[in-house]
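# Fold and contact review
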Amino acid sequence: MPASRLHLVRHGEVHNPRRVLYGRLPDYHLSRAGRKMASAAAEYVAGLDRPVSGLFCSPLERTQESAEPFGERFDLVPEIDVRLIEPTNVFEGTQMKRSLLNPLNWWHLRQPSLPSWGEPYASIAERMTGLMAEAWNASDGGDLVMVSHQAPIWITHLRVAGLPLRHDPRTRRCALSSVTSFELVGDVWREVGYAEPAATGGAVDVGAV
């Protein structure tokens, strides 16, 4: 039988004292607070009192570390899947506020509906929903947890809701270690829940666009 519910979980806070837009760069790990956030997300899913049969995460360190408390709680080994990864971004490795002051970078902002600064929103939606459907149908039942990043999770929300993928990245409802839950009814995804189980006040959250 297929899965029962699928939870997209965002990673916790990353240690990023220089406020760099780290994107897909290696060696960006969870902060101490970020590990607590990841644990809170795992506790929240466990508190739903639903069996969890599958755990997935992107290849980046921060998602693998955020998946650890889920693996420990549900006795699962996370499956790494590149389709959950952060989108590409031309501003990667820079401080975003400083980059936007440089007129040479304004060209990258010419088409926000695509967006022109990185991977197209449509591409993100397709890889995310493709993995979700594949994992759902391959499951032997129970819930699935996928630990990913803000942009892929929010784009998935927009696609499932039938909303335009174009948006202002500053308005995303996808907090650190938040849990966005879906069910597949027939061949139609439906969002059935959103929760912010972790305390995120004062957290640094400037790592991606």
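The structure under discussion appears in the preceding block.
Being a predicted model, the structure only gives us computed values, none of them experimental.

Parameters and conventions
- Residues numbered from 1 in each chain as written.
- Predicted model: local features only at pLDDT ≥ 70, side-chain atom pairs only at ≥ 80, totals over all residues.
- Heavy atoms only, no water.
- Salt bridge = Lys/Arg side-chain N within 4 Å of Asp/Glu carboxyl O.
- Helix = DSSP H or I, 4+ residues; strand = E, 2+ residues; numbered from the N terminus.
- Buried < 20%, exposed > 50% of the residue type's maximum accessible area, 1.4 Å probe, protein only.
- Contact = heavy atoms within 4.5 Å.
- Core = buried A, V, L, I, M, F, W, Y, C linked by side-chain atoms within 4.5 Å.
- Patch = residues over 30% accessible without salt bridge, like charges linked within 9 Å, V, L, I, M, F, W, Y side chains within 5 Å.
- Areas by Shrake-Rupley, 256 points an atom, 1.4 Å probe, with all protein chains shown as cover.
- Axes fitted to C-alpha atoms, helices over the stretch in contact; angles between N-to-C directions.
- Parallel < 35°, antiparallel > 145°, perpendicular 65-115°, else oblique.
- Nonpolar A, V, L, I, M, F, W, Y, C, P; charged D, E, K, R; others polar.
- Pairing = 2+ DSSP bridges.
- Right-handed = clockwise from strand over helix to strand, strands pointing away.

### A closer look at the pattern of salt bridges
With the rule as written, the count across this model stands at 13 salt bridges. Here Arg35 and Glu68 are joined by a salt bridge, their closest N and O atoms 3.4 Å apart. Of this pair, Arg35 sits in helix H1 (residues 32–47) while Glu68 sits in helix H2 (residues 61–74), and the two are 33 residues apart along the sequence. Glu68 sits in the partly exposed class, given a relative accessible area of 38%. The partner of Arg83 in a salt bridge is Glu134, with the nearest N and O atoms 3.1 Å apart. With Arg83 in the loop between strand S3 (79–80) and helix H3 (96–100) and Glu134 in helix H4 (residues 121–138), this pair connects stretches of sequence that are 51 residues apart. With relative accessibility at 23%, the residue Arg83 sits in the partly exposed group.

### Section: the side chain of Ser177
Within the element layout of this structure, Ser177 appears in the loop between helix H5 (150–161) and strand S5 (179–185). Residue contacts for Ser177: discarding those within four places in its chain leaves Arg10, His11, Gly12, Met37, Ala38, Ala41, Pro197 and Ala198.

### Some details on the nonpolar core
Among the nonpolar cores identified, the biggest contains 29 residues, and Leu6, Leu8, Met132, Met146, Ile155 and Trp189 are the most heavily contacted of them. Those elements that provide at least two residues to this core are strand S1 (5–10), H4, strand S4 (143–148), H5 and S5. In terms of residue count, the dominant contributor to this core is H4 (eight residues). Apart from residues lying up to four places away in sequence, Trp189 is in contact with Leu6, Thr129, Met132, Ala133, Trp136, Val160, Phe182, Glu183 and Leu184. Counting residues in each nonpolar core, the second largest holds 14 residues, with Ala41, Val52, Cys57 and Val179 among its members.

### Here we look at a nonpolar patch on the surface
The grouping of Leu100, Trp106 and Leu109 at the surface amounts to a nonpolar patch, some 260 Å² of accessible area in total. Structurally, Leu100 is set in helix H3. Leu100 sits in the partly exposed class, given a relative accessible area of 34%.

### What to know about the packing of H4 against H5
For any two helices packed against each other, the geometry comes down to the angle between their axes and how far apart the axes lie. The interhelical angle for the contact between H4 and H5, taken along N-to-C directions, is 85°, at an axis separation of 9 Å. Here H4 is positioned roughly perpendicular relative to H5, judged by the angle of their axes. Taken together, the residues of H5 that come into contact with H4 (itself represented by Tyr121, Ala122, Ile124, Ala125, Glu126, Arg127, Met128, Thr129 and Met132) are Pro152, Ile155, Thr156 and Arg159. Classifying every residue of the contact of H4 with H5 by side-chain character gives eight nonpolar, two polar and three charged.

### Some details on the environment of Asp49
Mapped onto the elements, Asp49 comes out in the loop between H1 and strand S2 (52–57). Exposure remark for Asp49: the relative accessible area of 70% places this residue in the exposed category. Spatially, the C-alpha atom of Asp49 lies 28 Å from that of Ile85, the residues being 36 residues apart in sequence.

### With respect to the pairing of S2
Most of S2 is tucked away, with five of its six residues classed as buried. The pairing of S2 with S4 spans five bridges and is parallel. Across the sheet, residue Cys57 finds its bridge partner in S4, namely Val147. Sheet topology note: the S2/S3 ladder contains two bridges and is parallel. Looking at the pairing, Cys57 lines up with Ile80 of S3. With H2 bridging S2 and the parallel S3, this β-α-β connection has right-handed handedness.

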